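The chain contents come next:
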Amino acid sequence: MSFADWIGAPVNWVFLVVGFLTLLSALKVVTAKNVVHAALFLVAALGGTAVLFLMLSAEFVAWVVVLVYIGAVLVLFLFGIMITRAPTGKDVGLDSPNKLLPALLSGATFLLLGWASLDAFGTTEIADLGEATSTEVLGLALLGRFVIPFEVVSFILLAALIGGVTIARRDLSPLEEEQRGAV
Amino acid sequence: MLLNQFLILAAAMFSLGIYGLLVRRNIVLILLSVELMLAAVNINLIAFEAVLRTSDAIGQVFAVFVITVAAAEVGIGLAIVLMIFRNRKSANVDELDLMRW
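Remember, predicted model here, so these are calculated numbers, not experimental data.

## Overview of the overall build of chain B
- What chain B contains, in helices and strands, is 3 helices and 0 strands.
- Helices (α) and strands (β) of chain B occur, in sequence order from the N terminus, as α-α-α.
- Here the C-alpha radius of gyration of chain B, 17 Å, is well above what a compact globule of 101 residues would show, namely 13 Å.
- For chain B, the spread of C-alpha atoms along the three principal axes comes to 50 × 25 × 20 Å.
- Here chain B holds 101 residues, and 61% of them are scored as buried.
- For chain B, long-range pairs separated by at least 24 residues make up 59% of all intrachain contacts whose partners lie at least 6 apart in sequence.
- Of the roughly 3900 Å² that chain B leaves accessible, carbon and sulfur atoms contribute 68%.
- Here chain B contributes 7 positively and 7 negatively charged side chains, and the mean placements of these two sets differ by 10 Å.

Here is the structure:
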């Protein structure tokens with residue numbers, strides 16, 4: 001498949017636009033000077049990944065990303081930012097001063113991963129996807145073949161819920177505990 | 001569509017996550033970078049599923065699992081951040097050196 005063929009397909013135009021926006025937002029997540037902006041750019045980056053999932057016919061996962069990440073996790077993040085009173089305006093001390101080594105390391109990771117995937121899957125094409133994966137197939141897989149992992153994940157969520165409440169709860173002082181015991 | 005275009009996009013996103021993880025000093029921003037890396041992993045899972053077309057949509061099932069575990073991680077992570085902030089009045093990782101010798 002030549003480059004002219006690749007660029008000729010409309011779906012690849014969509015990919016280029018969405019991918020560019022996703023990467024730009026991802027870059028802003030890690031470089032933004034404003035904490036709230038960084039969290040909001042994560043919304044854009046995850047929205048971009050949801051669009052990519054739709055392109056790859058993974059409709060259910062795309063909407064799960066929108067609901068869980070953009071709907072719930074981001075609210076949690078904004079809540080965390082507000083409650084830790086992180087400076088919501090510009091803050092120069094937000095980043096560590098040594099940026100060279102992390103930049104080199106992440107560049108090297110990118111080169112390694114990129115080289116590995118180019119080497120292994122040179123021109124593997126994603127064939128015409130046709131119908132999107134139906135929620136029925138996913139639901140049957142989740143409650144059939146993968147029912148044990150599914151239950152384990154539910155248990156993790158329950159443990160996280162209880163753990164989160166326990167960790168974040170304010171410990172009572174001995175005096176308060178005594179008063180509570182007296183009532 | 002080539003498989004590689006998705007894999008390389010995911011690799012770029014993962015590398016940006018690593019950069020953010022190392023450079024940021026605010027705990028909440030470090031957690032944001034971790035989310036980026038998890039999203040990159042999900043792109044890979046979905047892209048491989050689109051190539052392999054397994055009968056049970058295994059790639060998508062595992063993407064759902066990753067999202068669930070990520071949600072649990074954020075919940076616990078922010079609870080820990082809250083507690084650290086209450087005890088130390090700071091969310092800056094450079095100041096959290098209590099366990100360093």
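## Let's talk about the overall build of chain A
- Of regular secondary structure, chain A possesses 8 helices and 0 strands.
- In chain A, the succession of α and β elements from N to C terminus is α-α-α-α-α-α-α-α.
- For chain A, the C-alpha radius of gyration of 23 Å lies well beyond 16 Å, the compact-globule estimate for 183 residues.
- Each principal axis of the C-alpha distribution contributes one length, and for chain A these read about 80 × 50 × 25 Å.
- Looking at chain A as a whole, 32% of its 183 residues qualify as buried.
- Long-range pairs, those at least 24 residues apart, make up 59% of the contacts in chain A between residues at least 6 apart in sequence.

## Observations regarding the nonpolar core
- Ranked by internal contacts, the top residues of the largest apolar core, which has 70 residues, are Val61(A) and Phe6(B).
- Among the secondary structure elements, those contributing two or more residues to this core are α2 (10-31), α3 (35-55), α4 (59-83) and α6 (135-143) of chain A together with α1 (3-23), α2 (27-52) and α3 (58-88) of chain B.
- With 12 residues, the top contributor of residues to this core is α2(B).

## Some points on the interface of chain B and chain A
- On the chain A side, the residues contacting the 67 residues of chain B number 86 residues.
- Summing the contributions of chain B and of chain A, the shared interface buries around 7000 Å²; its carbon and sulfur component is 78%.
- By the criterion of area lost to chain A, the three top residues of chain B are Met1(B), Tyr19(B) and Arg24(B), representing 11% of everything that side buries.
- In this structure, the connection of chain B to chain A is made through 2 salt bridges.
- Between Arg145(A) and Asp56(B) there is a salt bridge; the shortest N-O distance is 3.4 Å.
- Summed over the shared surface of chain B and chain A, the result is 20 residue pairs in polar contact (both at pLDDT 80 or more).
- Here the element with the most residues in the side of chain B that touches chain A is α3(B); it accounts for 23 residues.
- For the side of chain B that touches chain A, a count of residues per class yields 50 nonpolar, 11 polar and 6 charged.

## Considerations on the confidence of the model for chain B
- Mean pLDDT over chain B works out to 89, with 99% of the residues at or above the 70 mark.
- In the model output, the complex is listed with pTM 0.88 alongside ipTM 0.90.

## Focus: the layout of surface pockets
- Of the pockets and cavities examined, the largest pocket occupies roughly 150 Å³.
- Breaking the lining of the largest pocket down by element, the ones donating at least two residues are α5 (100-120) of chain A together with α1 and α2 of chain B.
- Grouping the constituent residues of the lining of the largest pocket by class yields 10 nonpolar, 2 polar and no charged.

## Examining α3(B)
- If you check α3(B), its first and last C-alpha atoms are 44 Å apart, about what 31 residues at 1.5 Å a residue would give, namely 45 Å.
- Lys89(B) sits one or two positions beyond α3(B) and adopts a positive phi of about 55°.

## Details of the confidence of the model for chain A
- In this model, chain A carries a mean pLDDT of 86, and residues with pLDDT of at least 70 account for 93%.
- Within chain A, the lowest mean pLDDT, 75, falls on helix α8 (residues 174-182) of chain A, and the highest, 93, falls on α5(A).

## A closer look at α3(A)
Residues and elements named next belong to chain A.
- The terminal C-alpha atoms of α3, which comprises 21 residues, lie 31 Å apart, in line with the 30 Å expected from a rise of 1.5 Å per residue.
- The N-capping residue of α3, defined by a side-chain oxygen 3.1 Å from the backbone nitrogen of Val36, is Asn34.
- Ser57 lies just past α3 and shows a positive phi near 65°.

Analysis parameters
- Residues numbered from 1 in each chain as written.
- Chains lettered and ligands numbered in written order.
- Predicted model: local features only at pLDDT ≥ 70, side-chain atom pairs only at ≥ 80, totals over all residues.
- Heavy atoms only, no water.
- Helix = DSSP H or I, 4+ residues; strand = E, 2+ residues; numbered from the N terminus.
- Rg over C-alpha atoms; globule rule 2.2 N^0.38 Å.
- Buried < 20%, exposed > 50% of the residue type's maximum accessible area, 1.4 Å probe, protein only.
- Contact = heavy atoms within 4.5 Å.
- Areas by Shrake-Rupley, 256 points an atom, 1.4 Å probe, with all protein chains shown as cover.
- Lys, Arg positive; Asp, Glu negative; His and termini not counted.
- Charge placed at Lys NZ, Arg CZ, Asp CG, Glu CD.
- Core = buried A, V, L, I, M, F, W, Y, C linked by side-chain atoms within 4.5 Å.
- Buried area = accessible area lost by both parts, 1.4 Å probe.
- Salt bridge = Lys/Arg side-chain N within 4 Å of Asp/Glu carboxyl O.
- Polar contact = N/O pair within 3.5 Å; in protein donor to acceptor, adjacent residues only side chain to side chain.
- Nonpolar A, V, L, I, M, F, W, Y, C, P; charged D, E, K, R; others polar.
- pLDDT = per-residue confidence, 0-100.
- 1 Å grid on protein atoms, 1.4 Å probe; cavity = no way out; pocket = protein on both sides within 12 Å on 5 of 7 lines; lining within 4 Å.
- Points joined across faces, edges and corners; volume = space filled by probe spheres on them.
- Expected span 1.5 Å × (residues − 1).

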